[in-house]
Amino acid sequence: MTSPAHERAPSRLTRGRVLMLESLRAVVDDGARRFVAQRAASCLVTPEPGDLVLCDTADGEPAYLLAVLERGDSPTRLCVEGTRRSR
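Below, the structure is looked at part by part. (Residues numbered from 1 in each chain as written. Predicted model: local features only at pLDDT ≥ 70, side-chain atom pairs only at ≥ 80, totals over all residues. Heavy atoms only, no water.)

### Regarding the pattern of salt bridges
To keep things clear, this is the line we draw: We count a salt bridge whenever a side-chain nitrogen from Lys or Arg sits within 4 Å of a carboxyl oxygen from Asp or Glu. Elements are defined by DSSP. Helices are runs of H or I of four residues or more, strands are runs of E of two residues or more, and each kind is numbered from the N terminus. Only protein chains enter the area calculation, which uses a 1.4 Å probe; residues under 20% of their type maximum are buried, those over 50% are exposed, and those in between are partly exposed.
One pass over the structure, following the stated rule, counts 6 salt bridges. Salt-bridge contacts for Arg 17 lead to Glu 70; the nearest nitrogen and oxygen are separated by 3.3 Å. Taken together, the residues span a long stretch of sequence, with Arg 17 in strand S1 (residues 12-22) and Glu 70 in strand S5 (residues 63-70) at a distance of 53 residues. In this structure Arg 17 comes out as partly exposed when scored by relative accessible area, which is 35%. Between Asp 51 and Arg 71 there is a salt bridge, with the nearest N and O atoms lying 2.6 Å from each other. Separated by 20 residues along the polypeptide, Asp 51 in the loop between strand S3 (34-39) and strand S4 (52-57) and Arg 71 in the segment after S5 bring together distant segments of the chain.

Structure, rendered in structure tokens:
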């Protein structure tokens, strides 16, 4: 069970560079620290090492990679996990 929102640590947005990938997680360096961030369900672009990304972090909570902000010359790949449905 998750704790009520008023008991959660405040989150902050930070930009960082992807150093390496581990399945659906990325090791990110934001200049002050390195941390592991899980790709958010809404992040459809598959991150790659060197990408500039936006992450949500909070003390004692998992970090989430929200978006790929900038990429070099490599092609962009989209990835959707789960069951495909269209209407």
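### Points about the environment of Gln 38
Stated precisely, the cut-off is as follows: The contact criterion used is simple: two residues touch if any of their non-hydrogen atoms lie within 4.5 Å.
On the secondary structure map, Gln 38 appears in strand S3. The class for Gln 38 is partly exposed, based on a relative accessible area of 31%. Expressed as a C-alpha distance, the spacing of Gln 38 and Cys 55, which sit 17 residues apart in the sequence, is 9.2 Å. With residues near it in sequence (within four places) discarded, Gln 38 still touches Leu 24, Arg 25, Ala 63, Tyr 64 and Leu 65.

### Comments concerning the sheet that holds S3
As a reminder, the rule being used: Any two strands are treated as partners once DSSP identifies two or more bridges connecting them. A fitted line through C-alpha atoms represents every axis, and for helices the fit uses only the stretch in contact; the resulting angles, taken between N-to-C directions, go from 0 to 180 degrees.
On the basis of which strands lie adjacent, the closed barrel formed by 5 strands has the order S1-S2-S3-S5-S4 and mixed pairing. Each adjacent strand pair in this sheet contributes to an overall mean axis angle of 55 degrees, direction not counted.

### Details of the nonpolar core
Rules: In plain words, nonpolar cores are sets of buried Ala, Val, Leu, Ile, Met, Phe, Trp, Tyr and Cys residues tied together by side-chain atoms within 4.5 Å.
Counting residues in hydrophobic clusters, the biggest one holds 10 residues: Val 18, Ala 26, Val 28, Phe 35, Ala 37, Cys 43, Val 53, Cys 55, Ala 63 and Leu 65. At the level of secondary structure, the elements contributing two or more residues to this core comprise strand S2 (25-29), S3, S4 and S5.

### Looking at the environment of Gly 50
For Gly 50, the location among the structural elements is in the loop between S3 and S4. Excluding residues that lie within four positions of it along the chain, Gly 50 makes contacts with Arg 17 and Val 18.

### Observations concerning the pairing of S1
Inspection of the sheet shows S1 paired to S4 by 6 bridges, in the antiparallel sense. Bridging from a neighbouring strand, Arg 12 pairs with Thr 57 of S4. Strand direction decides the pairing type here: S1 and S2, joined by 5 bridges, are antiparallel. Looking at the pairing, Glu 22 lines up with Arg 25 of S2. Taking the residues that link successive antiparallel strands as the turn, the S1-S2 hairpin has 2 residues, and the phi of Ser 23 there is positive, at about 60 degrees.

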